[in-house]
Amino acid sequence: MAEPNRRSAAVPNDLEAFWVPFTPNRAFKRAPRLIARAKDMHYYTPEGRAVLDGTAGLWCTNAGHNRAPIVDAIKRQAEELDYAPAFQFAHPKSFELASRIAALAPGDLDRVFFCNSGSEAVDTALKIALAYHNVRGQASRTRLIGRERGYHGVGFGGISVGGIVANRKHFGTLLAGVDHLPATYNREHQAFTKGEPDWGAHLADDLERLVALHDASTIAAVIVEPMAGSTGVLPPPKGYLERLRAICDRHGILLIFDEVITGFGRLGHAFAAERYGVTPDMITFAKGITSGAVPMGGVIAREGIYDAFMRGPEHVAELFHGYTYSAHPLACAAGLATLDLYRDEKLFERAKTLEPLWADAAMSLKSVPGVLDIRTVGLTAGIDLASRPDAFGKRAYEAMERGFHDEGVMIRITGETLALTPPLIVSEAQIGEIFDKVARVIKAVM
Ligand SMILES: Cc1ncc(COP(=O)(O)O)c(C=O)c1O
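Read on for an overview of the structure.

This part takes up the side chain of E355. Position of E355 among the secondary structure elements: in helix α14 (residues 347–363). Residue classification places E355 among the buried positions, given a relative accessible area of 15%. Leave out the neighbours within four places in its chain, and E355 touches R275, V377 and G378.

On to the site of the ligand, then. Taken together, S117, G118, S119, Y151, H152, G153, E225, S230, D258, V260, I261 and K287 make up the full set of residues adjacent to the ligand. Between G118 and the ligand, the recorded distance is 2.8 Å, taken from a backbone N or O atom to an oxygen atom. Contacts to the ligand include D258, whose side-chain N or O atom sits 2.7 Å from a nitrogen atom. Protein burial of the ligand: of its 390 Å² of free accessible surface, 83% is covered by the chains. When grouped by side-chain class, the residues that make up the shell around the ligand number three nonpolar, six polar and three charged.

Along the polypeptide, H65 turns up in the loop between α2 (56–59) and α3 (68–80). Among the polar contacts made by the side chain of H65, one reaches the side chain of D53 at a distance of 2.6 Å. Sequence-distant contacts of H65, defined by excluding residues within four places in its chain, comprise A38, K39, D40, H42, Y43 and D53.

Now for the nonpolar core. By size, the foremost hydrophobic cluster in this structure holds 99 residues, and its most contacted members are I383, L418 and F435. Among residues more than four places away in sequence, those in contact with L418 are A381, G382, I383, L385, A396, A399, I411, R412, I413, V438 and I442. Membership of the second largest hydrophobic core comes to 23 residues, among which are A221, I223, A301 and F309.

So, on to the pairing of strand β10 (residues 297–302). Burial within β10 is extensive, with five of its six residues counted as buried. Where strand β4 (residues 109–115) lies against β10, six bridges are found, and the strand directions are antiparallel. Counterpart to V112 in the pairing with β10 is I300. Pairing between strand β9 (residues 282–285) and β10: four bridges, direction antiparallel. Paired with F285 across the two strands is G298, which belongs to β10.

Thresholds, definitions, all that
- Residues numbered from 1 in each chain as written.
- Predicted model: local features only at pLDDT ≥ 70, side-chain atom pairs only at ≥ 80, totals over all residues.
- Heavy atoms only, no water.
- Helix = DSSP H or I, 4+ residues; strand = E, 2+ residues; numbered from the N terminus.
- Buried < 20%, exposed > 50% of the residue type's maximum accessible area, 1.4 Å probe, protein only.
- Contact = heavy atoms within 4.5 Å.
- Near = heavy atom within 4 Å.
- Polar contact = N/O pair within 3.5 Å; in protein donor to acceptor, adjacent residues only side chain to side chain.
- Areas by Shrake-Rupley, 256 points an atom, 1.4 Å probe, with all protein chains shown as cover.
- Nonpolar A, V, L, I, M, F, W, Y, C, P; charged D, E, K, R; others polar.
- Core = buried A, V, L, I, M, F, W, Y, C linked by side-chain atoms within 4.5 Å.
- Pairing = 2+ DSSP bridges.

Coordinates in, geometry out; function isn't part of it.
Below, the structure is given as structure tokens:
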């Protein structure tokens, strides 16, 4: 499908200067996957070839691409106010957006701190956790606990609590005083589960072991993704998050849900916290807040956390933290327009309604040779492939390449897993199209 009425965008003739992130640069520059434009469910290459977006970009364009209300809001904002200082001053839309986010968040998660990415959101939440205990006279609570296979961005805080070896091993000693819970995935007990697996709630009890080892008085916070996305769609076992919440409560430990990808509809609710009926003390968000159109991230904290900081002389900042572009006007305008779209088009509900059909379509690949496991939850699917004996990850990499060049579908990969997470506007026919294309791609690389 060629995009109508558009000329090809320029194709660069020198790819050397740009160091492409999280990408094998030499292979990429030999056969680049260039995207020049996008609309709704499709990307378009510079030549005008359509590529069906099976990944919502990087799990972020939940409302689809280049939606007119978001584009218009950004344009209007750029004309009205390009920038206002983020410290000591503020612009009206930042308050409006914070209120809207607070209204979507569960319980008394009512205070919103803005930053520009998921990584910044994670570092912000970890810092708030440490400072919170400090201002309450519990400065010995400094230990942070993450989870194996967790992804919390690429800041030093995020990679320290994260559990992805490749993201950690080259970067020195990381933060001191960090520990990890075990990953929740076990193929033997969970293979080909739709939604939350029955097996694994007991893995939360490992937190009791860490409390026994370190003493609760040294532990500040536990951070987990309610559904671990970046290491291949790992839905939480039934009852796991409740158990984690109960143990944290028992020991005065803050619980942080990293909802950078689960926030804003991915699992059929505004936040995964709502799907699972578990209220954390802080939620980190990014990506879907602006449907990827302008960088933005943030932390939603329970009112009591914010209140704990509201002490000391009134002319002195209560939290020494923030970014030049916190609550940037363009991001706030995009965020407000995006939340309107989610509401008006009932996109969170749409994800929920489509979930059974999506899960069936994903599971239809179960018998494709080389498929070792398929997991689904909300509008996400992870498909594990058998590795070539000599090269872990090469098969998935080839699948992504073929998907883009030959089949016109965007697939995300992590290790030997294909991850599919389309915009929430995906049609039933497009769900079929995504999995048909992915099935052909898998067959081609086996
Ligand atoms: C759970 C989670 N946390 C944090 C991040 C980091 O977000 P960013 O790339 O915007 O820094 C991601 C990115 O995928 C994520 O999935």
